[in-house]
Amino acid sequence: MRNVRLSSIKDACSIFSNGEDVLVAGKHLWLFRADGSFVAKFATIRLPMKAIFLPNRTVLVDGYGDKAYHHIALASGEILWSSNKKGRRMMESSRFAVSPDGMTIYD
């Protein structure tokens, strides 16, 4: 396997970080630690547009290209679940919002 580094990602459009983990969004989604060590590449998540970090070191990612939401465990680099987006949207939002109690995510 080749040595994957942050600098080796050529199509990066956005970077999201919680201080411990780094998500690099481009054609696909890449997960690194804050020290730059590679964790995972998510080839099934296409054109990720936004992400929000959640409790228990998880993240919710909007895959614009695959029209799905993905819930990822950052510690293991595993996709916990994915859910297809339903319906048609006229305007895409630019970020997620979380309810004050942290129990609901709005798009």
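Residues numbered from 1 in each chain as written. Predicted model: local features only at pLDDT ≥ 70, side-chain atom pairs only at ≥ 80, totals over all residues. Heavy atoms only, no water.

A. Examining a nonpolar patch on the surface more closely. Judged by side-chain polarity, L47, M49 and Y64 come together as a nonpolar surface patch covering roughly 300 Å² of accessible area. Mapped onto the elements, L47 comes out in the loop between β4 (38-42) and β5 (48-54). (Patch = residues over 30% accessible without salt bridge, like charges linked within 9 Å, V, L, I, M, F, W, Y side chains within 5 Å. Areas by Shrake-Rupley, 256 points an atom, 1.4 Å probe, with all protein chains shown as cover. Salt bridge = Lys/Arg side-chain N within 4 Å of Asp/Glu carboxyl O. Helix = DSSP H or I, 4+ residues; strand = E, 2+ residues; numbered from the N terminus.)

B. Looking closely at the packing of aromatic side chains. Scanning all chains against the criterion turns up three aromatic pairs. Summarising the aromatic geometry, the rings of Y69 and F96 are spaced 6.2 Å apart at their centres and angled 50° between planes, so their arrangement reads as tilted. One end of the pair, Y69, is in strand β7 (residues 68-73); the other, F96, is in the loop between β8 (78-84) and β9 (97-98), and 27 residues separate them in sequence. Neither Y69 nor F96 differs from the other in exposure class; each is buried. One aromatic cluster in this structure is built from W30, F32 and F38. In this structure, K50 is placed above the aromatic ring of F96, and the distance from its NZ or CZ to the ring centre is 5.3 Å. Above the face of the Y69 ring, K85 is positioned so that its terminal group lies 5.3 Å from the ring centre. (Phe/Tyr/Trp six-rings, centres within 6.5 Å; stacked < 30°, edge-to-face > 60°. Buried < 20%, exposed > 50% of the residue type's maximum accessible area, 1.4 Å probe, protein only. Lys NZ or Arg CZ within 6 Å of the ring centre and 35° of its normal.)

C. View of the confidence of the model for the chain. Scored by pLDDT, the chain has a mean of 90; 94% of the residues are at 70 or more. Within the chain, the lowest mean pLDDT, 87, falls on β9, and the highest, 97, falls on strand β3 (residues 29-33). (pLDDT = per-residue confidence, 0-100.)

D. The pattern of salt bridges, seen in detail. Counting across every chain of the model gives six salt bridges. Among the salt bridges present, the one from D21 reaches R57, with a minimum N-O distance of 2.7 Å. Within this pair, whereas D21 is found in strand β2 (residues 21-25), its partner R57 is found in the loop between β5 and β6 (58-63), the two being separated by 36 residues in sequence. One salt bridge in this structure joins D62 and K50, with 3.5 Å as the shortest N-O distance. With a gap of twelve residues between them, D62 in strand β6 and K50 in strand β5 connect regions that are remote in the sequence. Within this structure, E20, D21, R33 and R57 form a network of salt bridges that share partners.

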